[in-house]
Number of protein chains: 2
Amino acid sequence: MLSTTERTRLGRAKHKARTARTDLYDLLDAGSVCHLGVVVNGAPMVVPTGYGRIGDTLYLHGSTGARSLRAGGEVCVTVTLVDGLVLARSAFNHSLNHRSAMVYGVPRVVGDEEESLAALRALTEQFAPGRWDAVRPPTAKELAATRVLALSLEEASVKVRTGPPVDDEDDLGLPVWAGVVPVRQVFGAPEPDPGLAPGTGVPEHVAALSGALAPSGGTAGAR
Amino acid sequence: MLSTTERTRLGRAKHKARTARTDLYDLLDAGSVCHLGVVVNGAPMVVPTGYGRIGDTLYLHGSTGARSLRAGGEVCVTVTLVDGLVLARSAFNHSLNHRSAMVYGVPRVVGDEEESLAALRALTEQFAPGRWDAVRPPTAKELAATRVLALSLEEASVKVRTGPPVDDEDDLGLPVWAGVVPVRQVFGAPEPDPGLAPGTGVPEHVAALSGALAPSGGTAGAR
C-alpha cells in the first residue's frame, strides 16, 4: 500500500487515486522522464530529468554542478504519462486521460561507488533497456563528476484517469461530438551517428525500441 | 529577448540556451501539458496540468479547491517536449533531445469574467484547436468553481538539445552503435463517447488531430 500522508492523499477526485505499490512501480517503469521539483531560495524550480528505479528507491543523476541537485532538502518528483484528450460536450468537463505519480522526500546523496554504478545502470536501462551492457561503463573520473541522488518511494501518490468524458446530464443531448483522442509516445526509426563506422548494424536493443526491426515487423511501437 | 536573471541563465550547457521570445512562444504553443511547481509548507509540489497562452501571459486553471493553485507565492512552470533518445558510445554521454521552457513568477488570480473566459478559451484551444467554438461555454456557476491564474512570461528560459551524440574522442573507435532514436507524440483515431447519438460524425477539428480524416490521408500525425 502507498502512504497516506496529508500531501499524498488526493484532495479532490479521490476515485482517481491508486493505492497499490505495484501501480506506482508500473507507472514509473513505463515512463522515461520525470519532473524534479526543488526549492531554491524559497522559490520552486522544476526541471525535467531522467530517472531509474531499483526496488523501493528512485535514482536521479546529473552534473555535480547542477543547481537542481545541489538544492538539498525536500523534493517532489512527478512522472506523467498522457494517454488521451478527453473531449466533453462542455468546455468545463474537458480532461486528460493520464497516469501520474508524485513522490515526496529528502533524497540521499549516494557516495558508495557500487550503489552509484547500480543507479546509473538503472537510469540507462530505464532510457533504453539493454543499453548498459552495450556501452562503455563510466570511468572513475566520470563517476566523480556525477551526482547520484536516491529517493525513497515511501511517500508517494498515484493518480489515474481513464475512459470517456463525464458530461452533465443536461449536456448529453447537445449536438457536440464527444469522446477520447488517444495520445501515444512512439519511437521512430533509429538515426545512426554520422561518425559511425560503415556497416555497423542497429543492435537488437535499439531496434526493439522503434519496432522497426522487431520480429513482429510492425510500425513504430507505442511504449 | 528573454530575461537573464540568475535563475534563468543556464548554469551549464550554455550552448543549449535559446534567448529569443519566439523560441519560448513556439515551444509553449507546441506543448499541451506543463508541470507546475509550487511551495507548500516549505516543500516543493509538482503537478501536471494544462495551460494556454495569450501574448505574454500563460494561463493555468483548476478547481478553486486545488492545493497547487491555492499555494500562493512563486511558481515555476516547466514545459518539456521530448524529441529523441541520444544513444552514445559511453553510458556517460547519453542524453535526451528535448526542448524545455521554465517560467518563473508570482501568478495573479484572474477575477475579471472577460479575462477568465479568454483564458479558458486559450486553455481549451491549446488542448484541441477549434474545440472552444464547438462546445457549450462555461456557465456562471462553472466559472465560479474555476480558479484561473495568469503568469507573466517575463522571466523565462528555454533549453534545446538537438543532433547526434557527442562522444569522447577516445570512444569513437568503439564497436558500439550510436545515434538518435526519435520520439514523437502521436494521436490515435478518435474514440466516440458511448453515449453519442448514432451518426454523429467526427468534426474536422477532432479529425485534424489524428490526421485520420485529414486531407493528406496519412497515418497518425506527429504533433
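Thresholds, definitions, all that
- Residues numbered from 1 in each chain as written.
- Chains lettered and ligands numbered in written order.
- Predicted model: local features only at pLDDT ≥ 70, side-chain atom pairs only at ≥ 80, totals over all residues.
- Heavy atoms only, no water.
- Domains from an automatic or database assignment.
- Contact = heavy atoms within 4.5 Å.
- Buried area = accessible area lost by both parts, 1.4 Å probe.
- Salt bridge = Lys/Arg side-chain N within 4 Å of Asp/Glu carboxyl O.
- Polar contact = N/O pair within 3.5 Å; in protein donor to acceptor, adjacent residues only side chain to side chain.
- Nonpolar A, V, L, I, M, F, W, Y, C, P; charged D, E, K, R; others polar.
- Least-squares fit on C-alpha atoms with pLDDT ≥ 70 in both.
- Pairing = 2+ DSSP bridges.
- Helix = DSSP H or I, 4+ residues; strand = E, 2+ residues; numbered from the N terminus.
- Axes fitted to C-alpha atoms, helices over the stretch in contact; angles between N-to-C directions.
- Buried < 20%, exposed > 50% of the residue type's maximum accessible area, 1.4 Å probe, protein only.
- Arc of directions from axis to C-beta.
- Phe/Tyr/Trp six-rings, centres within 6.5 Å; stacked < 30°, edge-to-face > 60°.
- Lys NZ or Arg CZ within 6 Å of the ring centre and 35° of its normal.
- Expected span 1.5 Å × (residues − 1).
- Core = buried A, V, L, I, M, F, W, Y, C linked by side-chain atoms within 4.5 Å.

Points about the domain arrangement of chain A
All names here are of chain A.
Then, in step 1: Once the domains are mapped, chain A shows domain 1 (14-183) and domain 2 (185-223).
Then, in step 2: Once you take the C-alpha centre of each, domain 1 and domain 2 turn out to be 25 Å apart.
Then, in step 3: At the interface, nine residues of domain 1 touch five residues of domain 2.
Then, in step 4: For the pair domain 1 and domain 2, the summed buried area comes to about 530 Å², and 44% of that belongs to carbon and sulfur atoms.
Then, in step 5: Per-residue buried area on domain 1 facing domain 2 is highest for Ser 32, Pro 129 and Arg 131; these three make up 45% of the total on that side.
Then, in step 6: At the junction of domain 1 with domain 2, the criterion picks out zero salt bridges.
Then, in step 7: In this assembly, domain 1 and domain 2 are joined by one residue pair in polar contact (both at pLDDT 80 or more).
Then, in step 8: Here the residues of the side of domain 1 that touches domain 2 are counted per class, giving five nonpolar, three polar and one charged.

Observations regarding the relation of the copies chain A and chain B
Then, in step 1: Under the fitted operation, chain A is carried onto chain B by 0.0 Å of movement along the axis and a turn of 180°, and the coordinates agree to an RMSD of 0.0 Å. Such values leave the two copies arranged in the relation of a two-fold axis. The rotation axis passes nearest to the C-alpha of Gln185(A) in chain A, at a distance of 2.2 Å.
Then, in step 2: A share of 100% of the interface residues of chain A reappears at the interface of chain B, consistent with the copies meeting face to face through the same patch.

So, the sheet that holds strand S5 (residues 57-63) of chain A
All names here are of chain A.
Then, in step 1: Taking strand neighbours across the sheet as the criterion, the four strands line up as S4-S5-S9-S8 in an open arrangement whose pairing is antiparallel. At either margin of the open sheet sits one strand with a lone partner, and together these are strand S4 (52-54) and strand S8 (108-109).
Then, in step 2: Here S4 pairs with S5 via three bridges, running antiparallel. The residue bridging Ile 54 from the neighbouring strand is Thr 57, located in S5.
Then, in step 3: Against the sheet, helix H3 (residues 113-127) touches S4, S5, S8 and strand S9 (146-152), its axis set at about 125° to S4.

Points about helix H1 (residues 21-30) of chain A
Residues and elements named next belong to chain A.
Then, in step 1: Along H1, the positions that sit buried rather than exposed are Arg 21, Leu 24, Tyr 25, Leu 27 and Leu 28. One face of H1 carries all of its buried residues, which in axial projection span an arc of 165°.
Then, in step 2: Of the surrounding secondary structure, the elements contacted by the buried residues of H1 are S4, S5, strand S6 (75-87), strand S7 (95-105), H3 and strand S10 (155-161).

Re the pairing of strand S2 (residues 34-40) of chain A
Residues and elements named next belong to chain A.
Then, in step 1: Counted residue by residue, S2 has six buried out of seven residues, so it is predominantly covered.
Then, in step 2: Here S2 runs beside strand S3 (residues 43-49); their pairing, made up of seven bridges, is antiparallel. Each bridged residue has a counterpart across the sheet, and for Cys 34 the counterpart in S3 is Thr 49.
Then, in step 3: Taking the residues that link successive antiparallel strands as the turn, the S2-S3 hairpin has two residues, and the phi of Asn 41 there is positive, at about 50°.

Details of the packing of aromatic side chains
Then, in step 1: Applying the stated rule across the entire model yields zero aromatic pairs over all chains.
Then, in step 2: Over the ring of Tyr25(A) we find Arg53(A); its NZ or CZ atom is 4.1 Å from the centre of that ring.

What about helix H3 (residues 113-127) of chain B?
Then, in step 1: Between its first and last C-alpha, H3(B) extends 21 Å over 15 residues, near the 21 Å set by a 1.5 Å rise per residue.
Then, in step 2: Buried within H3(B) are the following residues: Glu115(B), Ser116(B), Ala119(B), Leu120(B), Ala122(B), Leu123(B), Thr124(B), Gln126(B) and Phe127(B).

Details of the sheet that holds strand S9 (residues 146-152) of chain B
Residues and elements named next belong to chain B.
Then, in step 1: The four strands are arranged S4-S5-S9-S8 in an open sheet whose pairing can be described as antiparallel. Strands at the two margins of the open sheet, each flanked by one partner only, are strand S4 (52-54) and strand S8 (108-109).
Then, in step 2: Against the sheet, H3 makes contact with S4, strand S5 (57-63), S8 and S9, and its axis sits at roughly 125° relative to S4, the strand it touches most.

So, the pairing of strand S10 (residues 155-161) of chain B
All names here are of chain B.
Then, in step 1: The buried fraction of S10 is high, at six of seven residues.
Then, in step 2: With two bridges joining them, strand S1 (residues 17-18) and S10 adopt antiparallel strand pairing. Pairing of Ala 17 across the sheet is with Lys 159, part of S10.
Then, in step 3: Direction of pairing for strand S7 (residues 95-105) relative to S10: antiparallel, over a ladder of seven bridges. By the bridge assignment for S10, Arg 99 is matched with Val 160.

Focus on the nonpolar core
Then, in step 1: With 62 residues, the main nonpolar core has Leu24(A), Val77(A), Leu24(B) and Val77(B) as its most contacted residues.
Then, in step 2: Residues within four places of Val77(B) in sequence aside, it is in contact with Cys34(B), His35(B), Leu36(B), Leu58(B), Leu60(B), Ala101(B), Met102(B), Val103(B) and Leu151(B).

Brief notes about the pattern of salt bridges
Then, in step 1: Enumeration according to the criterion identifies 24 salt bridges over all chains in this entry.
Then, in step 2: Between Glu74(A) and Arg7(A) there is a salt bridge; the shortest N-O distance is 3.0 Å. In this pair, Glu74(A) sits in the loop between helix H2 (67-70) and S6 while Arg7(A) sits in the segment before strand S1 (17-18), placing the two residues 67 residues apart along the sequence.
Then, in step 3: Judged by relative accessible area, Glu74(A) falls into the partly exposed class, the value being 28%.
Then, in step 4: In this structure Arg7(A) comes out as partly exposed when scored by relative accessible area, which is 25%.
Then, in step 5: One network of salt bridges, in which partners are shared, links Arg136(A), Glu142(A), Asp168(B) and Asp171(B).

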